[in-house]
Amino acid sequence: MSAQQTDQQRQAEREEVLAKARRAKEVAPIIAALPTPAKDAVLLAAAAALTERAGEILDANARDLETGRQNGLAESVLDRLALDQDRIEGIAGGLRQVASLQDPVGEVLTGRTLPNGIQMKKVRVPLGVMGMVYEARPNVTVDAFGLALKSGNVALLRGSKTARHSNNKLVEILQDTLAAHDLPREAVQLLPCDSHESVQDLITARGLVDVVIPRGSARLIEAVVTGATVPTIETGTGNCHFYIDASADLDKAIAMLINGKTRRVSVCNATETVLIDAALADEDKRAVVSALQAAGVEVHGDVEKHAAFGADVSPATEADFAEEYLSMDIASAVVDGVEGAIAHIAHYSSGHTEAIAAQDAHALRRFADAVDAAAVVLNASTAFTDGEQYGMGAEIGISTQKLHARGPMALPELTTTKWILEGTGQVR
């Protein structure tokens, strides 16, 4: 392909992104003004359409999976990409759950009457045009649409090339549902994914796009956050720790650890590091490592320190402790009590989810107070950091930043606020 052809394709891609962004901006007021019953009707109809057309979705997904295998995609990526009947039912169920949730738009958060008689109130309003950049997760296509619609927003989606056919089919079904309800198909649009430059086109479409939310690898998130001129909400990677205190019920602690690590390794709330209290008996430390290995998990750690209590592990580098494995691997470190765990987490954490198993009240309270993360879990698996588990319905991602939204991002987090002042002719 000549340089001229490449330039022409690049220009055509940019024009497509901006044209779709302009159309999204045009239809945003229509979606923002929709009453709750109308939004819920579309969501329920879309859920029904997804299950009715599951065969079409699975055929498209099979094409993506075959291409992914030919291109040597990692098993963890293929797992995120794969759809089956149960997963489609789960995606549809997420839309139904969103339909059942309270509509945040128009909620009055606070208000008062000024001494001069002006009545003022602060209300939730949609963000507007919501851009999403994400990798290999077709379910995000539907989740983003559902949450955007219920919160009065328009979804502008830039999925990955690996999920091209799946995303195209899902958006086609969602757009057909919108059209059947006399709503603009452009309330959800899929952007081109042939080059990385289309991401840059989206995240610099200032004035057309109101917010961009990246969801995926650390590399993707960093590229979006550092390259955007559009406001971004950062959804972080999940280097999640599970600390086992000397006071823990060991059997329960091991069960929670195994669940967090092996329930589904490709998700951001999977446990990636186990921290073992040095005060535990050697046989108990060994039992933790052995249980992981028996479950098929490769444990990475300081070989000498683990050998001291009879555990045989793979050697760990410094990078292992900062790794979001998304695989059947885990880093292991021995720490000096809860203070050692807090210090280790402060150094390596991605700010997603950090958990402790303990029966000592002081250790639990100290961990909860000192650990800085979007979610701190006491005596439970890290797997519970999830919008559906929180009762929020489908989530757009887990925010690890500290402004506007933190933790699972659902309907309220996809709104902003405005002040409405009502007077009777007052002048200042």
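We now turn to the structure provided with this report. Note that the coordinates shown come from a computational prediction; the quantities given were computed from them, not determined experimentally.

**Here we look at the packing of aromatic side chains**
Right, on to step 1. For the coordinates displayed, the defined rule picks out two aromatic pairs.
Right, on to step 2. Ring centres of Tyr243 and Phe367 lie 6.5 Å apart, and the angle between their planes is 15°; this geometry places the pair in the stacked category. Here Tyr243 is found in strand E7 (residues 240-244), whereas its partner Phe367 is found in helix H14 (residues 361-370), with 124 residues between them in sequence.

**Digging into the side chain of Glu354**
Right, on to step 1. Summarising the element assignment, Glu354 is placed in strand E12 (residues 353-357).
Right, on to step 2. We note that Glu354 is buried and unpaired, the nearest opposite charge coming from Arg406 at a distance of 9.2 Å.

**Section: the pattern of salt bridges**
Right, on to step 1. Under the definition given, this model contains 23 salt bridges.
Right, on to step 2. Notably, a salt bridge pairs Asp79 with Arg264, separated by 3.3 Å at the nearest N-O pair. Of this pair, Asp79 sits in helix H4 (residues 75-81) while Arg264 sits in the loop between helix H10 (250-262) and strand E8 (271-277); the two residues are 185 residues apart in sequence, bridging distant segments of the chain.
Right, on to step 3. Through salt bridges with shared partners, a single network forms among Arg53, Glu56, Lys169, Glu172, Asp176 and Arg185.

**Structural notes on the sheet that holds strand E5 (residues 188-190)**
Right, on to step 1. Taking strand neighbours across the sheet as the criterion, the four strands line up as E5-E4-E3-E6 in an open arrangement whose pairing is parallel. Where the open sheet ends on each side, the last strands, each with one partner, are E5 and strand E6 (211-215). Between one strand and the next, the sheet's axes are offset by a mean angle of 20°, whatever the strand orientation.
Right, on to step 2. By the bridge criterion, five bridges tie strand E3 (residues 129-134) to E6 in an arrangement that is parallel. Looking at E6, one finds that Gly131 is bridged to Val212.
Right, on to step 3. On top of the sheet, helix H6 (residues 138-150) reaches E3, strand E4 (154-158), E5 and E6; it is set at about 165° to E3, its chief contact.
Right, on to step 4. Contacts between helix H9 (residues 218-227) and the sheet are confined to E3 and E6, with E6 contributing the most and set at about 160° to the helix.

Parameters at a glance
- Residues numbered from 1 in each chain as written.
- Predicted model: local features only at pLDDT ≥ 70, side-chain atom pairs only at ≥ 80, totals over all residues.
- Heavy atoms only, no water.
- Phe/Tyr/Trp six-rings, centres within 6.5 Å; stacked < 30°, edge-to-face > 60°.
- Helix = DSSP H or I, 4+ residues; strand = E, 2+ residues; numbered from the N terminus.
- Buried < 20%, exposed > 50% of the residue type's maximum accessible area, 1.4 Å probe, protein only.
- Lys, Arg positive; Asp, Glu negative; His and termini not counted.
- Salt bridge = Lys/Arg side-chain N within 4 Å of Asp/Glu carboxyl O.
- Pairing = 2+ DSSP bridges.
- Axes fitted to C-alpha atoms, helices over the stretch in contact; angles between N-to-C directions.
- Contact = heavy atoms within 4.5 Å.

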